[in-house]
Each structure stands twice: as structure tokens, then as C-alpha cells.
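# Overview (structure and organization)
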Amino acid sequence: MIHARAGQPASADDLIDLQKLESTYFELIPDLAIAEQKVAFGTSGHRGSALNTSFNEWHILAITQAIVDYRKTQDIHGPIYVGKDTHALSAPAEQSVLEVLAGNGVDCFIATGDYTPTPAVSVAIIDHNMQLPRGSSAQADGIIITPSHNPPQDGGIKYNPPHGGPSDSDATSWIATRANELIGEKLKGVKRSSPSAKSFDYRANYIGQLDQVLNLDPIKESGVRIGADPMGGASVEYWGEIASHYGIDLEVVNDKVDLQFGFMSLDWDGKIRMDCSSEYAMSTLIAARHEYDISTGNDADADRHGIVTADSGLMNPNHFLSVAIEYLFHRRDGWDEHSGIGKTMVSSSMINLVAADLGRRLVEVPVGFKWFVPGLVSGEVAFGGEESAGASFLRKDGQPWSTDKDGLIMCLLAAEIEAVTGLSPSERYAELTKRHGEPHYKRVDAPADLEKKAKLSKLSEKDVAATEIAGDAITNIETSASSGGALGGVKVSTEKSWFAARPSGTENVYKIYAESFTGSEHLEQVLEQAQSIVDSAISG
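Keep in mind that what you see is a predicted model, and the values were worked out from it rather than measured.

### Describing helix α5 (residues 169–184)
- When the terminal C-alpha atoms of α5 are compared, their 22 Å separation across 16 residues agrees well with the 22 Å that a helix rising 1.5 Å per residue should span.
- By the burial criterion, the buried members of α5 are Ala 171, Thr 172, Ile 175, Ala 176, Arg 178, Ala 179, Asn 180, Leu 182 and Ile 183.
- Looking at the buried side of α5, the elements it contacts are β1 (41–42), α2 (57–73) and β6 (154–160).

### Thoughts on the pairing of strand β23 (residues 509–516)
- Of all eight residues in β23, eight are buried; the element is thus mostly enclosed.
- The alternating pattern of β23 places Val 509, Lys 511, Tyr 513 and Glu 515 on one face and Tyr 510, Ile 512, Ala 514 and Ser 516 on the opposite face, and all of these are buried.
- As judged from the eight bridges shared by strand β17 (residues 440–447) and β23, these two strands associate in the antiparallel manner. Bridge pairing links Arg 443 to Tyr 513 in β23.
- Of the pairings in the sheet, the one linking strand β22 (residues 497–503) to β23 comprises seven bridges and is antiparallel in character. Bridge pairing links Ala 501 to Ile 512 in β23.

### Section: the environment of Cys 411
- Locating Cys 411 in the fold gives a position in helix α13 (residues 407–421).
- Judged by its relative accessible area of 1%, Cys 411 is buried.
- Residues Cys 411 and Arg 304, spaced 107 residues apart in sequence, show a C-alpha to C-alpha distance of 9.1 Å.

### A closer look at the pattern of salt bridges
- Following the criterion strictly, the structure yields 24 salt bridges and no others.
- Between Arg 71 and Asp 141 there is a salt bridge whose closest N-O contact spans 2.8 Å. One end of the pair, Arg 71, is in helix α2; the other, Asp 141, is in strand β5 (residues 141–145), and 70 residues separate them in sequence.
- Classification of Arg 71 as buried rests on a relative accessible area of 3%.
- The class of Asp 141 is buried, set by a relative accessible area of 0%.

### Concerning the nonpolar core
- Counting 70 residues, the largest nonpolar core has Tyr 206, Leu 210, Phe 383 and Phe 393 as its most contacted members.
- At ten residues, the largest contribution of residues to this core is made by α13.
- Discounting residues that sit within four places of it in the chain, Leu 210 has contacts with Leu 216, Ile 242, Tyr 246, Trp 401, Ile 409 and Leu 412.
- Core analysis: the second largest hydrophobic core is formed by 41 residues, Phe 55, Ile 67, Tyr 70 and Ile 157 among them.

### Quick word on the sheet that holds strand β10 (residues 294–298)
- An order of β9-β8-β10-β11-β12 is seen for the five strands of this open sheet, with the pairing classed as mixed. In this open sheet, the two edge strands, each paired with only one partner strand, are β9 (250–252) and β12 (313–314).
- Across three bridges, the pairing between strand β8 (residues 226–229) and β9 is parallel. Counterpart to Gly 227 in the pairing with β9 is Glu 251.
- Taken strand by strand, helix α8 (residues 239–246) contacts β8, β9 and β10, and its axis lies near 160° from that of β9.

What counts and what doesn't
- Residues numbered from 1 in each chain as written.
- Predicted model: local features only at pLDDT ≥ 70, side-chain atom pairs only at ≥ 80, totals over all residues.
- Heavy atoms only, no water.
- Helix = DSSP H or I, 4+ residues; strand = E, 2+ residues; numbered from the N terminus.
- Expected span 1.5 Å × (residues − 1).
- Buried < 20%, exposed > 50% of the residue type's maximum accessible area, 1.4 Å probe, protein only.
- Contact = heavy atoms within 4.5 Å.
- Pairing = 2+ DSSP bridges.
- Salt bridge = Lys/Arg side-chain N within 4 Å of Asp/Glu carboxyl O.
- Core = buried A, V, L, I, M, F, W, Y, C linked by side-chain atoms within 4.5 Å.
- Axes fitted to C-alpha atoms, helices over the stretch in contact; angles between N-to-C directions.

None of the figures reported here should be taken as evidence of function without further support.
Following this line, the structure appears as C-alpha cells:
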């Protein structure tokens, strides 16, 4: 149900108590007998809040020591690139991280500025390692302190190995297990010392190479006007510099950094959440869309993108992914002719149709950007994108760029598309629907406790008792992707529609994704029956 104040400005009553949040970070000690207080890595690291003892000093000290221990098992002895976003818990967590790295004698870099987008860390790791001989143990990796788009009271931490992208499940399982062991031992195995990090100019390194992945001259020459909203996140120190460096007509529409994020509009559930794919969180930018040709938003660590066009408003992430793929594979001559297109199982089938039209191989993976990393590193995948507004692609010469999601290049790509084609991304998507038909897509959340989420993650085909959805016979039930890897949920398809359900890795909900090529009313029927099917399967 949509909250009555969704899309409205936050009030004083919506704001977090910063003093209480920081004090509980240091004061509360996790109890491993309580599942919610254990270290647990989802698709984007460990997340939680100090207020409910799920993201506290002990967690971060133990996780960092576990990362140090893991590196030894992998013969990784180079520096660690550390970045953080603008969430209130990110600064104290960074201090904890740096103390443990210093205590273990691990060299590390932190930003010369205050904040660092996730893709800037990824690019720095890749740049460092590209200069090393093959097999060198001096490889670098990274720690990024961010809960992404989560509410202001949350914190997050994730580990990116030497390939620069998100860790695979083997790494995160090892790190989480070791971290919980350390907590259980009351941190006896954790080494700490005064921080000794070196400074690194992530911003100059990242911005100076943007013309290797994007065609920025057409944006400058066409005069496409861009309004960029960092949404109080780490990109706040980047957008103005990008405009100055490349001479493009870009205005930073909100340069505020407020640890309470009090300038935000409330999301669908009445919470403050920096979700650049949400029409509610993005309502201010949407209302001002006629002031710019392209308006953009990023979440707190800038790994996600939101695209607003003057003619249509906020684009559905699936729509922009489809447009981006169709445009890039026609315009990037330096990409290998055999490079494929990566999408998740829960992204729109429009991408399948675009890939077929391009004659490109489609690589369908479970949810989580980690599944795209091997392909982006090898060049076998030139573009990887998720329905949650996260994507990245190769440099123009076919070499890796960011192997983690990059919201900045996706926002600039929207401007490149309009500058080069003369059509907005939403107009380009309208052309795709004329060619392939118009799918109707929606994602909703449904409540689920830890027990139900665990059941959902282990569902098999035989757990789905239904034989039809919205009057159409079920033709396929999947629990893993065609390219390998478990969905951690279930996807059910008919000839005219599909739905998928999987547990959230960060909240006590499960997500239902659905798409219909019949119409919006049919989609609502699919969603209603999907929730009934899933609830029945996980409630028994």
C-alpha cells in the first residue's frame, strides 16, 4: 500500500537522531544468538542499522579483520582502496576499517575529498591491477562503506576483490563466517592501530578517463542541458567537476549533503530512501523536468541511475536499459562482434527482443551484479544491467571500465543518446515498442520474516502448485538462470507473462517482479496471483 505522504517532502518527525545513531554504533554489542544481529552478506554486502544492533563497531571491526584474513588465503598483498558514501554511519565505520587495516599492516588509500562513488573505487582497483604482471601478489582490492539507497539510519560495507566488482558468494560466505567467529570470540583476533591511510584522488582518476567510455563531445556540441541531482550522495563532489572538465551544460540541482537527508521526498512507504528509480523519491526532479533536456539522479554511492526526460518524466529502469543496449551496440565499433548482453532473470523481456534484433548473445543471470563481472573482465559481456537501475559497460576500445554498477556513466549516456540521435531516451523507447510490442512491468514488495525468506530462497519447481496465471497455462518454472547460478527464489512463465519472487537481502520483505505483454490490467492479475502462489508456498 502506498503511504499517504509518499512523494511529499520529509518533515522534522521523519528525521533520524544523529547523536543517538552514532552513540549506538559504538555502544551496542551484537548478540549472535539473534539472527538479525549476525554478519550476513546479501547481494551488496552487509547492511543494517546501529539502532537495532545490525551495523555496529563490532560488526565492522570483525568484517574488516575477516577481509584481511581472506586476502591472505587468496595471496592478495597489494593496497586496499577504501571509499565511503554520505550516510551518517559511513564515517565512523570508515574509522573502524582504517584502524583494523593499520593494525594488520595493510596499506590503504582513502579519498582526497570526503566521499567516493562505488564505480570510482572499481575503476581505481582495475587501473592499479592492469599495471601489474600477470599473477602478481601485489594486486589491489577495495572496501566500500555504503548501504546504497537505504534509509539514513542504515549502514553498509562491501568488499570488491581484485577484479573490481562485487564479491562472489564463496568470498562473502567465507568473510561472513570468519567475522561471526571473531565476534563470538569477543574480537580477540582483531588487530587495531591508529589509521595510516594514504590519500588518492579518485575523482581526478575517474573523471579524467570518462571520455574513454563515453562520447562527450556531442553532448557539449549539441547543448543538451542536464540537471544532475546527487540526492545527497557521493556523486555530489563529481558532477560539477565533470561539467567543468568536459565543458558540458550540466547544472547540479542539489549540492546539499545532509546526514539526515531532510531534503528528500518520502518514498512509497513513507520512508526516506535515496532510490533514484522511485517516482516518489524522485518527485522533486520529476516536477522540474521541463527545465532540462535530461535530468538524472543517483543513489548515495552513485552505483544506480535515474533518468528523467522532459517529454516523459522518470523512465522505468528496464526501458532505459533496453534503449542503452540498442544504442550502444550500434555505436561502439571497438567492441568485439561476439560480445554479449547481460541481463538478470527479473529484467524485462524487451531486452531479450532487443538482443535478438541485434543478433547478439544474451547472457541471463540471477540477481546480483557479481554475475556480470567475469564477462565484463574478459569482454565476453559488453554490457550488464539489472532492473534495479544498475548497469555498466566496457570502454570504447572494449577494455573493462567499472566492473561494479556505474550510475554516473549511465546518466551521461542518456545525454549522449539525445545529443547523437536527436531523440530523448523515452522517445527511443517508444520506437522500440512500435517494433516489438509494449510490455507492462512492475515490481512490488511483500512482507516476509527471516523464516519465510529462507523458505523462498530454497523453493523448487515442485513447490509451485498452480497450473496457470491470469488465465494462461504455466509453460516454465525456473529456480536458476540459463547461464548457471541459483535465483534464490522462483520464476514462473506463461506465453504472455511471467513473474519472479525472491527474498530481499536487506529488508524483511520479498520482491515480486512481473511482466505482461497483454496489458496493465493483466499485469495486476499476474501480480495478485503471484503473491498468492508464493505466500502459499512459504507459509506451509
